[in-house]
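These are the residues of each chain, in order.
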Amino acid sequence: MNESLSPQDRDRLEQSGRECFGRLTASLSHELNNVVSIIDQNTGLMSDLLATGDNPVAIDRARLEKIVTRFSTQAERGTALIRLLNTFAHSVDEDKLAADPAELVRLTQSLWRRAAEMRRVEIEIETKTGGAEIPVRPFLVLWALFLALRGALDKCPPGQVIKIKTEMSSTGPRIIVDTPLEDAGEIAVSADLENLMNCCQGRLYAKKEAGRFAQELQFKGHTSP
């Protein structure tokens, strides 16, 4: 943690990191719990169907096929969620010191899918593959995007689209979170996000225009592919 931060800012930033990890993990575990609940419900339906009689001919084949399809669908959904949770969990690994912005933007879109749906907001991404890597732990980039998107979702009107895109500048990769605004009201830049970017030897640029608010995460230092 950057020693130039005050003890209060350092404590708040550390709490912000724990909140990021906790909230995103809780969201994924909630979705996994829904998968288990649906499987459990269909297990009950299958048990009822099998209890209709000892004669296999009496079993409604069409109903049975529907239940099997639901099992298959939820198994695929659960596998995808576990893979997503595993990838997110490993983003804090000590030996991972290279972050691919495009890959992490795609991961962020998946991590925020449920929260966006609850707000009736879409998150679209525009990434370029094969770009430079940022020499930081992947979680730091996911954390920065967590802070940027938390504010973006609070301000984005329902039915609108938040756009996240990656670009390459002369000083290194940058990620832009572009959010539509409903009115000209005040919108504050996250102090935690500013502190985090400073700790990453990066910068946060914010630009507000009529109906839009852009947060640009500019990372310093990069390795060419």
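Up top you'll find the structure we're talking about.
To start, this report covers the structure provided alongside it. The structure displayed is predicted, hence computed values, not measured ones.

Reading the values: rules and limits
Residues numbered from 1 in each chain as written. Predicted model: local features only at pLDDT ≥ 70, side-chain atom pairs only at ≥ 80, totals over all residues. Heavy atoms only, no water. Helix = DSSP H or I, 4+ residues; strand = E, 2+ residues; numbered from the N terminus. Buried < 20%, exposed > 50% of the residue type's maximum accessible area, 1.4 Å probe, protein only. Pairing = 2+ DSSP bridges. Axes fitted to C-alpha atoms, helices over the stretch in contact; angles between N-to-C directions. Contact = heavy atoms within 4.5 Å. Parallel < 35°, antiparallel > 145°, perpendicular 65-115°, else oblique. Left-handed = near helix turned anticlockwise from the far one by under 90°. Nonpolar A, V, L, I, M, F, W, Y, C, P; charged D, E, K, R; others polar. Core = buried A, V, L, I, M, F, W, Y, C linked by side-chain atoms within 4.5 Å.

## Topic: unusual backbone geometry
The phi dihedral of Arg 120 is positive, around 60°, even though this residue is not glycine. Relative to the elements of secondary structure, Arg 120 occurs in the loop between helix H4 (113-118) and strand S1 (122-126). Accessibility expressed as a relative area gives 58% for Arg 120, which makes it exposed. Non-glycine residue Gln 201 carries a positive phi angle of around 60°.

## Observations concerning the sheet that holds strand S3 (residues 172-180)
Two modes of strand pairing occur in sheets, parallel and antiparallel, and in both the strands are linked by backbone hydrogen bonds. Spatially, the 5 strands line up as an open sheet ordered S1-S2-S3-S5-S4, and their pairing is mixed. The two strands at the open ends of the sheet, each matched to only one other strand, are S1 and strand S4 (203-209). Along the sheet, successive strands turn relative to each other by an average axial angle of 20°, direction set aside. Pairing of S3 with strand S5 (residues 212-218) involves 7 bridges; the strand directions are antiparallel. Within the sheet, the bridge partner assigned to Thr 179 lies in S5 and is Phe 213. The sheet strands contacting helix H5 (residues 138-155) are S1, strand S2 (161-169), S3 and S5, and the helix crosses S3 at an angle near 15°. Running over the sheet, helix H6 (residues 191-199) touches S4 and S5 and is turned about 140° from S4.

## Here's the deal with the packing of helix H1 (residues 7-50) against H5
Put simply, H1 and H5 touch, their axes get as near as 10 Å, and they point 85° apart. Classified by the angle their axes make, H1 and H5 are roughly perpendicular. Where H1 approaches H5, its residues Leu 13, Ser 16, Gly 17, Glu 19, Cys 20, Phe 21, Arg 23 and Leu 24 are matched on the opposing element by Phe 139, Leu 142, Trp 143, Phe 146, Leu 147 and Arg 150.

## Here we look at the packing of H1 against helix H2 (residues 61-89)
Where H1 contacts H2, the axes come no closer than 10 Å and their chain directions differ by 160°. Between H1 and H2, the crossing angle belongs to the class labelled roughly antiparallel. Where H1 crosses over H2, the two elements pack in a sense that is left-handed. Broken down by class, the residue content of the contact of H1 with H2 amounts to 21 nonpolar, 6 polar and 4 charged.

## Section: H6
Residues that lie three or four places apart on an α-helix share one face, since the helix turns once every 3.6 residues. Taken as a whole, H6 has its buried residues at Asp 192, Leu 193, Asn 195, Leu 196 and Met 197. Tucked into the core, H6 has its buried residues touching H1, H5, S4 and S5. Positive backbone phi, at 60°, marks Gln 201, one or two positions downstream of H6.

## Topic: the pairing of S3
Taking burial as the measure, the 9 residues of S3 include 8 buried ones, the bulk of the element. Bridge count for S2 against S3 is 7 bridges, and the pairing is antiparallel. Across the sheet, Glu 167 pairs through a bridge with Arg 174, a residue of S3. Where S2 folds back on S3, the antiparallel hairpin that results is connected by 2 residues.

## Considerations on the nonpolar core
In terms of nonpolar packing, the biggest core is built from 45 residues, with Leu 111, Val 141 and Leu 217 touching the most fellow members. Of all the elements in the fold, those that place two or more residues in this core are H1, H2, helix H3 (101-111), H5, S2, S3 and H6. In terms of residue count, H5 provides more of this core than any other element does, 12 residues in total. Beyond its immediate sequence surroundings of up to four residues, Leu 217 is in contact with Ala 144, Leu 145, Pro 173, Arg 174, Ile 175, Leu 193, Met 197, Arg 203 and Leu 204.

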